Every structure is written in structure tokens, then in C-alpha cells.
Amino acid sequence: MTCWETIGAYAFRSIGYGERLLPRTDFTLCQQFTLIGSGLIWNVYFGVVALIFGFVLANAIAFAKASHSPLVRKPAEWFIFIFRGSPLFIQFFLAYEALQMLPRAGIDVFGITVHTSWTTKAWAGALFVLFLNTAAYSAEIFYGALRSIPKGDLEAAEAYGLTGFAKFRRIQWPTMLRLAWPAYTNEAIFLFHSTTLVFFSGFPAFQQRGDALYYASYFADKTFNPFVPYPIVAGYFIALTLLLIWLMSAVNNRLNRHLPSNMSGKIRLRPQVIR
């Protein structure tokens, strides 16, 4: 089998397309690159979906923590404290054991049976843990940025007649994002790296369709040589990190496009007028 045939057979195996059986002998470098890259699809899925939904929840929790009402502020503080104070690895195991305790037949909600068997699958259960974890860390970042908004900006907004939701949409939220975005970029990178922990958690890989680390471990066990598949995983994640940094930098430039340092100045000829 040529390398192109290998790519055609295994490129999308992790999501159910292509060869059903994994190679058993005569492992080639192309097979390892292709299958580990196929498993990376799941890592990207975990990272992207958790980042999007975690961003929305983190904004809500950050503003809840800044609330003057204890009924709103205290739950947000405890949510952040619990998920930031406990290891992510432990959260995976606790979530899996808790989801295993749900009745297999489903739960009746207002006369409708809601099946729960899918919650113990990695694509749902592990994603749920990553989503809550990144929401807690991101919420603390956004909360710190929210507290760092210059009071002069808020006073100027009120002087212009901006109050309530208009002030939030035009001043508070954009300023909070601008201040928090560099730190949030690090959290996004950490989240994508944390997706490799799904392999070590209790959430099973369905029909040998695991993530990048699953296939790297398979090749390491079969060849007794970890110095080929694991560097391949590292190389893929370095490339993914560079892409993520580029995307986050583009968003950061968009958020700060109004600042003088980011404006593309044009050279203008201004001759001195002699009187």
C-alpha cells in the first residue's frame, strides 16, 4: 500500500470512514502520521466546541461574580473555586463515575424519556468536563479584566448618555475582552493541550476510534518504540498551537483596531508654509 493509499484508507478512520481494522505489522511512518492525524480530529473537536460554549458561559459567570447580589455572586465564586481548585484529571474520573450512576433506561422528564447512555461516551461526557473547566478558568480571567476597566471609560460613557445595556455592549464588554484576550489566548492553548487527557480518563474510545494519543499509544505498544509516535503527536500539537495563536492574534488585532498603534498610518507630505 502506497502512502497515498494509506492516507485514503486511514485519514478519517477516527470518525468512522475508511478501513475498519488497524494495521498489525510492518508499520510505516506514513501510517503513523496518517492515523495520529486522524485521531487529532477528535482533539480539535473537543477543543473547538468546549472553547465556544465555554466562552459564552465564562462571560456570564464573570458578570455574575461581579454582581452586588450575594445570590448571584456566591454560586459563581464557588463554581470557579471548585473547577480551578481541583485537578482536571480528577474531574474526568468523577464525571464518568457520576454519569455511570444514571439509569440506563433513561430519565422521565415531564413524561418524556430522556436516554442517558450517550453521556458516558467521550464525545459527550469528556466534552462536558472540558467545557466546565475552561469556563471556570476563563471566567476568572474575564472577571479580572472586568475589574480593571478604567473608571474614566465608564464615566465618559455615562456622560455621553450611555447607560444600562448600551453601556455594557459599547463599553464594558469590548473593553473587558481587549484587556483579557492575551491571557485568554493562553487558556485556549492550554485547553487544546488538555484534550490529550481524554485518552487517560475513563471515557472509552468507541470501536478503536480514539484521539491522537490513542493511536500514538497503539503504535508505541506494537513497535516498542515511543520515540516515533509521541514526537509526531507533539509536532501536530505544535502546528495546532501556531494556528491557534494566529487566529487569536487576528481577533486581538480586530478588538484593538481603534488604537493608534494598530492604525496603518499613511505618509503625508506637509510642506512648511513660509510667510
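Not measured: the values here are computed from a predicted model. By convention here, each chain's residues receive numbers from 1 onward along its written sequence. Selection of residues for local features in this predicted model requires a pLDDT of at least 70, selection of side-chain atom pairs for listing and counting requires 80 or more, and totals for whole chains, interfaces and linings are taken over all residues. Hydrogens and water molecules were not included; the side-chain quantities draw on all heavy atoms of the structure.

Each helix and strand counted, the chain has nine helices and two strands in total. When its helices and strands are written in sequence order, the chain yields α-α-α-α-β-β-α-α-α-α-α. A globule of 275 residues ought to have a C-alpha radius of gyration of about 19 Å, yet the chain, at 24 Å, is considerably larger. Principal-axis analysis of the C-alpha atoms gives the chain an extent of 85 × 65 × 35 Å. Counting every position in the chain, which comprises 275 residues, the buried fraction comes to 39%. Contact criterion: two residues are considered in contact whenever any of their non-hydrogen atoms come within 4.5 Å of each other. Taking contacts inside the chain between residues at least 6 apart in sequence as the whole, the part at least 24 apart equals 72%. Residue-level accessible areas treat just the shown protein chains as cover; the underlying method is Shrake-Rupley with a 1.4 Å probe. As presented, the chain carries roughly 16,700 Å² of accessible surface, and 67% of it is formed by carbon and sulfur atoms. Only DSSP runs of H or I with at least four residues qualify as helices, and only runs of E with at least two residues qualify as strands; both kinds are numbered from the N terminus onward. Here the radius of gyration uses the C-alpha set of atoms, whereas the globule reference equals 2.2 Å times the residue count to the power 0.38. To sort residues, take the accessible area from a 1.4 Å probe on protein chains only and compare it with the maximum for the residue type: under 20% means buried, over 50% means exposed, and anything in between is partly exposed.

Each Phe, Tyr or Trp ring (for Trp, its six-membered ring) is paired with any other whose centre lies within 6.5 Å, and the angle between the two planes then decides the class: stacked below 30 degrees, edge-to-face above 60, tilted in between. Applying the stated criterion across every chain yields a total of 25 aromatic pairs. Taking the centre distance of 5.4 Å and the plane angle of 55° together, the rings of Tyr45 and Phe46 count as tilted. For Phe46, a relative accessible area of 2% puts it in the buried group. When the ring of Phe165 is compared with that of Phe168, the centres are 5.8 Å apart and the planes differ by 40°; the resulting orientation is tilted.

The next point concerns the side chain of Gln32. Following the sequence through the fold, Gln32 ends up in helix 2 (residues 29–65). Its relative accessible area of 6% is what places Gln32 among the buried residues. Apart from the residues lying within four places of it in its own chain, the contact partners of Gln32 are Phe27, Phe219, Val228, Pro229 and Ile232.

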